[in-house]
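Residue strings, one per chain:
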Amino acid sequence: MSSATARGKRAAEAEPDSESAAKRLATDGVADEGGAAAAAAVPTTEGEPSEGEVDSRLLDCCGDMQGMEYLVATLALPPQVVAAAVNRLSSKGILKFFKGKDGAPLFKRAKENSRHAEMDSYEERIVYQHVEEAGNTGIWTKHLRLQTGIEKAQFTKVMKKLENKKLIKSVNSVSATKRKFYMLYEMQPDVSLTGGAWYTGTDFDAEFITIMSQLVYKYVEQRDLEARALYTDQPLLRLREGLVTATDVHAHIEASKASKEALGEKDVLSLLDVLVHGGKLEQYPLSALGPDHPSSNPADAAAGSDEDGSAYRFRTRTAVSGGLLASPCGVCPVFARCTDGGIVSPQTCTYLDEW
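The rules behind the values
Residues numbered from 1 in each chain as written. Predicted model: local features only at pLDDT ≥ 70, side-chain atom pairs only at ≥ 80, totals over all residues. Heavy atoms only, no water. Helix = DSSP H or I, 4+ residues; strand = E, 2+ residues; numbered from the N terminus. Contact = heavy atoms within 4.5 Å. Areas by Shrake-Rupley, 256 points an atom, 1.4 Å probe, with all protein chains shown as cover. Expected span 1.5 Å × (residues − 1). Buried < 20%, exposed > 50% of the residue type's maximum accessible area, 1.4 Å probe, protein only. Pairing = 2+ DSSP bridges. Axes fitted to C-alpha atoms, helices over the stretch in contact; angles between N-to-C directions. Core = buried A, V, L, I, M, F, W, Y, C linked by side-chain atoms within 4.5 Å. Parallel < 35°, antiparallel > 145°, perpendicular 65-115°, else oblique. Nonpolar A, V, L, I, M, F, W, Y, C, P; charged D, E, K, R; others polar. Phe/Tyr/Trp six-rings, centres within 6.5 Å; stacked < 30°, edge-to-face > 60°. Lys NZ or Arg CZ within 6 Å of the ring centre and 35° of its normal.

1. Description of the overall build of the chain
Then comes step 1: When you go through the chain residue by residue, the secondary structure sums to 15 helices and 10 strands.
Then comes step 2: Sequence separation of 24 or more characterises 60% of the internal contacts of the chain that already satisfy a separation of 6 or more.
Then comes step 3: When the accessible surface of the chain is totalled, it reaches about 20,500 Å², and 53% of it is carbon and sulfur.

2. A closer look at helix H10 (residues 206-230)
Then comes step 1: Here H10 contains 25 residues, and its C-alpha end-to-end distance of 36 Å stays within 8% of the 36 Å for a straight helix at 1.5 Å per residue.
Then comes step 2: Taken residue by residue, H10 has Phe-208, Ile-209, Met-212, Ser-213, Val-216, Tyr-217, Tyr-219, Val-220, Asp-224 and Ala-227 as its buried positions.

3. Regarding the sheet that holds strand E5 (residues 168-172)
Then comes step 1: Read across the sheet, three strands follow the order E4-E6-E5 without closing on themselves; strand pairing throughout is antiparallel. The strands lining the two open edges of the sheet, one partner per strand, are strand E4 (139-140) and E5.
Then comes step 2: Note: E4 against strand E6 (residues 180-184), two bridges, orientation antiparallel. Looking at the pairing, Ile-139 lines up with Tyr-182 of E6.
Then comes step 3: The sheet strands contacting helix H8 (residues 152-164) are E5 and E6, and the helix crosses E5 at an angle near 100°.

4. A few points about the nonpolar core
Nonpolar side chains in soluble globular proteins tend to be buried together.
Then comes step 1: Counting 21 residues, the largest nonpolar core has Val-216, Val-220, Val-249, Ile-253, Leu-272, Leu-281 and Tyr-312 as its most contacted members.
Then comes step 2: Top element by residues in this core is H10. It accounts for seven residues.
Then comes step 3: Excluding residues within four positions of it along the chain, Val-249 makes contact with Val-216, Tyr-219, Val-244, Val-268 and Leu-272.
Then comes step 4: With 18 residues, the next largest nonpolar core counts Ala-134, Leu-162, Ile-168 and Leu-184 among its residues.

5. A word on the pairing of strand E3 (residues 105-109)
Then comes step 1: Relative to E3, strand E1 (residues 66-67) runs antiparallel, the two being bridged by two bridges. Bridged to Gly-67 within E3 is Leu-106.
Then comes step 2: Turn length for the strand E2 (residues 95-99)-E3 hairpin, with the two strands adjacent in sequence and antiparallel, is five residues, and the turn residue Gly-103 shows positive phi of about 90°.

6. Examining the packing of helix H12 (residues 246-256) against helix H13 (residues 265-277)
Then comes step 1: At a closest axis distance of 9 Å, the pairing of H12 and H13 adopts a crossing angle of 105°. Comparing their axes, H13 and H12 come out roughly perpendicular. Judged by residue contacts, Ala-246, Thr-247, Val-249, His-250 and Ile-253 of H12 engage Glu-265, Val-268, Leu-269, Leu-271 and Leu-272 from H13.
Then comes step 2: Of the residues contributing to the contact of H12 with H13, the split by class is seven nonpolar, two polar and one charged.

7. A short note on the packing of aromatic side chains
Then comes step 1: Within the structure shown, the criterion is met by one aromatic pair.
Then comes step 2: Considering the side-chain rings of Tyr-217 and Phe-314, the 5.5 Å spacing of their centres and the 50° angle between planes classify their relative orientation as tilted. Of this pair, Tyr-217 sits in helix H10 while Phe-314 sits in strand E10 (residues 310-314), and the two are 97 residues apart along the sequence.
Then comes step 3: According to the relative accessible area criterion, Tyr-217 is buried, its value standing at 16%.
Then comes step 4: If you follow Arg-179 out to its NZ or CZ, it ends over the ring of Trp-140, 3.7 Å from the centre.
Then comes step 5: Its end group placed over the ring of Tyr-217, Lys-280 keeps NZ or CZ at 5.4 Å from the ring centre.

8. Some details on the sheet that holds E2
Then comes step 1: Read from one edge to the other, the open sheet built from three strands follows the order E1-E3-E2, with strand pairing classed as antiparallel. Each end of this open sheet is capped by a strand with a single partner; those strands are E1 and E2.
Then comes step 2: Pairing of E2 with E3, which is carried by five bridges, proceeds in the antiparallel orientation. The residue bridging Lys-99 from the neighbouring strand is Pro-105, located in E3.

Spelled out as structure tokens, the structure:
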């Protein structure tokens, strides 16, 4: 390995994705990797194209990630001219700089973004680029600084500028409350960050869940009462009419306007699950709705939004009768060996005497 390549690799490791790293790698990398290829095809000074022409041709070559050796050979220009164009386009945020597995510089044309015009420096553009790539799951501040390679004090200034320009925003995570994540200003955070409708900020809103659960419970109970009144002598129809789907419940919540927070059907399913496990609702397969109901058809159900494949019904509470179940005999583990006059018998049972 030549000394030029070694210097390029050390620069890439020390200053990843920084402007100075891009400049040094562009120049040093060419000397070693692309020098031989360019030497055979260096045009005369009179035939050299303008900066605008060089920039345009270079961007045409960088639809995918390309190294300096390829760019110098393809453009058939002196290494210094190609390096100057790379630095020029990188500083404007038009060309993205990456580091290859071997430490060599790679370049790719950035997607057109009108918001780049609002940024004053290379550092702002590179930070914005990484935040943009993170999408709606955001990127942790620590990871962002490490990826951009910007010194801490400068990084803080850049972040403040981008926030003031409303290009990026910070979001707190319910799963990592001490960490701050950043995403583009216009993006809605992913539910993995916010926790969805059941969180207010980073706090679990148990009161809101209780209110919404009661609303759902009352709705399903009312459906059951109406079905019982309509089909007093037709138990099958009474069952089918008393069943509701997640879509039915979702529509009822939206119509009631009881929630200022927009609830999705997955939020509704979580409420229904709470009520089922709490013994307040019964869960049935969609086929229980009857052959004429759209949701009972597997193909229709797959196309619809009742993705859990279930219907729900109000659970009628029946009083536990007395007698054997209420006596110690109902839970006695040796009940089968209990006989008159035996070792285990009603006459000698202390638990029966206490009962």
